[in-house]
Protein chains: 2
Amino acid sequence: MKVAELGEFGLVARIAKIINTSRDKSESWQKLIIGMGDDAAAWQGDNSIQLAKVDALVQGVHFQTGIMGWADLGWKALAINMSDIAAMGGLPKYALVSLAIPPDTEVDDVLALYRGMLKLAKQHGVAIIGGDTDSTPYVSITVTVLGSMGRRKNLLTRNTAQPGDLIAVTGYLGTAVAGYETLRRKLKFNNKTSAILKSAFLRPEPRIDEGQLLLKTGIKTAIDVSDGLISDLTHICKASRVSARIEAEIVPIAPEMSAAFGNKALEIALSGGEDYELLFTGKPEIIAKVKQWAACPITVIGEILPGKTCEVTVVDSTGKPLKLSKKGWEHFVSK
Amino acid sequence: MKVAELGEFGLVARIAKIINTSRDKSESWQKLIIGMGDDAAAWQGDNSIQLAKVDALVQGVHFQTGIMGWADLGWKALAINMSDIAAMGGLPKYALVSLAIPPDTEVDDVLALYRGMLKLAKQHGVAIIGGDTDSTPYVSITVTVLGSMGRRKNLLTRNTAQPGDLIAVTGYLGTAVAGYETLRRKLKFNNKTSAILKSAFLRPEPRIDEGQLLLKTGIKTAIDVSDGLISDLTHICKASRVSARIEAEIVPIAPEMSAAFGNKALEIALSGGEDYELLFTGKPEIIAKVKQWAACPITVIGEILPGKTCEVTVVDSTGKPLKLSKKGWEHFVSK
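Because the structure is predicted, anything quoted here is derived from the model rather than measured. (Residues numbered from 1 in each chain as written. Chains lettered and ligands numbered in written order. Predicted model: local features only at pLDDT ≥ 70, side-chain atom pairs only at ≥ 80, totals over all residues. Heavy atoms only, no water.)

Observations concerning the sheet that holds strand S12 (residues 312–315) of chain B
Residue and element names in this part refer to chain B.
Next up, step 1: Spatial strand order, S8-S10-S7-S11-S9-S12: six strands in an open sheet with mixed pairing. The open sheet has two free edges, formed respectively by strand S8 (221–224) and S12, since each of these has just one partner strand. Averaged over all pairs of adjacent strands, the angle between their axes in this sheet comes to 25°, without regard to strand direction.
Next up, step 2: Looking at chain direction, strand S9 (residues 243–247) and strand S11 (residues 298–305) are connected through four bridges and run antiparallel. Bridge pairing in S11 places Arg245 opposite Glu303.
Next up, step 3: In the packing of helix H4 (residues 70–87) onto the sheet, the strands contacted are S8 and strand S10 (278–282), and the crossing angle to S8 comes to about 175°. (Pairing = 2+ DSSP bridges. Helix = DSSP H or I, 4+ residues; strand = E, 2+ residues; numbered from the N terminus. Axes fitted to C-alpha atoms, helices over the stretch in contact; angles between N-to-C directions. Contact = heavy atoms within 4.5 Å.)

Quick notes on the relation of the copies chain A and chain B
Next up, step 1: Each copy superposes on the other: chain A lies on chain B with an RMSD of 0.0 Å after a rotation of 180° and an axial shift of 0.0 Å. As the rotation angle and translation indicate, the two copies are arranged about a two-fold axis. No C-alpha of chain A approaches the rotation axis more nearly than that of Asp46 of chain A, which lies at 2.8 Å.
Next up, step 2: The residues that chain A uses at the interface reappear at the interface of chain B in 100% of cases, marking a shared surface. (Least-squares fit on C-alpha atoms with pLDDT ≥ 70 in both.)

Describing the interface of chain A and chain B
Interfaces are often sized by the amount of accessible area the parts lose when they come together.
Next up, step 1: Every contact between the two is made by 74 residues of chain A and, on the other side, 74 residues of chain B.
Next up, step 2: Between chain A and chain B the total buried area reaches about 6400 Å² when both faces are included, carbon and sulfur atoms providing 63% of it.
Next up, step 3: On inspection of chain A and its partner chain B, the count reaches six salt bridges.
Next up, step 4: Among the salt bridges present, the one from Lys93 of chain A reaches Glu27 of chain B, with a minimum N-O distance of 2.9 Å. (Buried area = accessible area lost by both parts, 1.4 Å probe. Salt bridge = Lys/Arg side-chain N within 4 Å of Asp/Glu carboxyl O.)

Some details on the packing of helix H8 (residues 208–217) of chain A against helix H12 (residues 284–293) of chain A
Residue and element names in this part refer to chain A.
Next up, step 1: Their axes nearest at 9 Å, the elements H8 and H12 cross at an angle of 140°. It follows from the interaxial angle that H8 and H12 lie oblique. Of the two elements, H8 crosses H12, and the hand of that crossing is right-handed. Across the interface between the two elements, Leu213, Leu214 and Thr217 of H8 pack against Ile286, Lys289, Val290 and Trp293 of H12.
Next up, step 2: In the contact of H8 with H12, the residues fall into five nonpolar, one polar and one charged. (Parallel < 35°, antiparallel > 145°, perpendicular 65-115°, else oblique. Left-handed = near helix turned anticlockwise from the far one by under 90°. Nonpolar A, V, L, I, M, F, W, Y, C, P; charged D, E, K, R; others polar.)

Bear in mind that shape data such as this cannot, by itself, settle questions of function.
Structure below.
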């Protein structure tokens, strides 16, 4: 069978299976808390839980050089991995970068990429400590971020959602894909709208502080919205063996994105990925605390239901299920 | 300026410079012991020194799929990073894998790649804890290995060589490139010779135990031979601000490689990379201890000299300098 027939998620499941079969009694495995299958891996360090995540941005798959500047590329390649550390409740500490670039790339462009990355790194006290560069026909940047839980013993995971939990999300959804469409199709909006949309796609802000807040209030379940709301909520449902219902009309959409994309805005918000907001679940009284203390908008969008079919249903304000054409972002599978 | 004009080492130096300029008083930077520029990065963890290294194998640059099987590729992608941890004196603990493959790749081939990697991981108690997969036109595998120094407070670094140190190396040199040439040019040798040469290229064994032994005996300076003997010894010389002289006729060459490659064997041994042997320096009495305790051949090949020109001179048995056509392996620069 070809990888394209199995799809990315199917392939990762097969890989995870043979890795788990190899698990033995060595110290590394004994200390491992979470391996593949959550936002980041976690293990018991000397005194504190350690975290690690790797992800790549590949030209033609995740970005086009015409749309994305070099500094944006550097920023985003780091941001997407810091976001995964945030979604576990961790603090990012160190980053390693593997850069593949064509030999005719301008040195200044490579340095701009690093400057973009360093700008974000500096904001969160992350040190870039390693890197390799290779000559390839196209650009690909792979970043590993290492993090730590500090003194906390608990983590935010995908497999702890329970029926009765409310589902909530930080910030707004769909803005990044709206920004991508704005760039790709050269759409014209007013300056403020353009800036908000483009920046959501080019310079996502990992929700580090919000991840800390979720932990502090007692939230146990979180994921970052990278594949898209429905897709990422499905990841939570499958890991937790529950189902979920979300109400379309209360999904938070930035007013500028609503105004710019009209009746397409909802579908973009439901299925568009790369917002790197935190999607989380918890008991109503805990969610209320998060809303009270958070510095960003927190919106309750639905609830976790019993149901081992692990289905995500989107309903309108009358409770009627909506049909959706697109569920999220998966590599290898043609859409 | 294009990256190809500057070369890989020049580019890495420029990148390291802007990263170091961004260094601030954040905890991560404060705890960093070694950033870019050695075999691996090192920082102070809760109780023990932590290590990390990332490196990639890219189709058409580091391997051709016709020459290298999928399981070999998995093994080697992990081995080259474990070797860097070994060259710091560390123990590898965890690995994260970022795999880029064409969508028409067979699922079984991907699983074979992971099985090759897991085989090596299991031998050294390394747990594979994360991964992402992306669809790309060609195969690229990026591995990050995390390690630890256990209770040891010292490290093996490149910048501690001193005039009067002897230069020594584990095992044999040039075997990997001889194996690559055997595979690429479909050279025919007897079965034993073919097996030794090919396996040196396809399945290098990271020198984990030897790295531990070097630390234990009091060696302070080491690097793994990935770019080639002269190139890697030059890295030590530049980092330590010293020069070096090696005697060509005592460079250790596997008897099978000598027999197979005749008068080309020496040049391959001097400039060929990817052997992943440990190259180290130390006072004669410490080197003597290493020789006594090591389970593999340890060969003294020369000595460290004063001289801030950081030059590596290769001499014949009469002390006359040899001219060499090729100094090692550097990306971007056409040879």
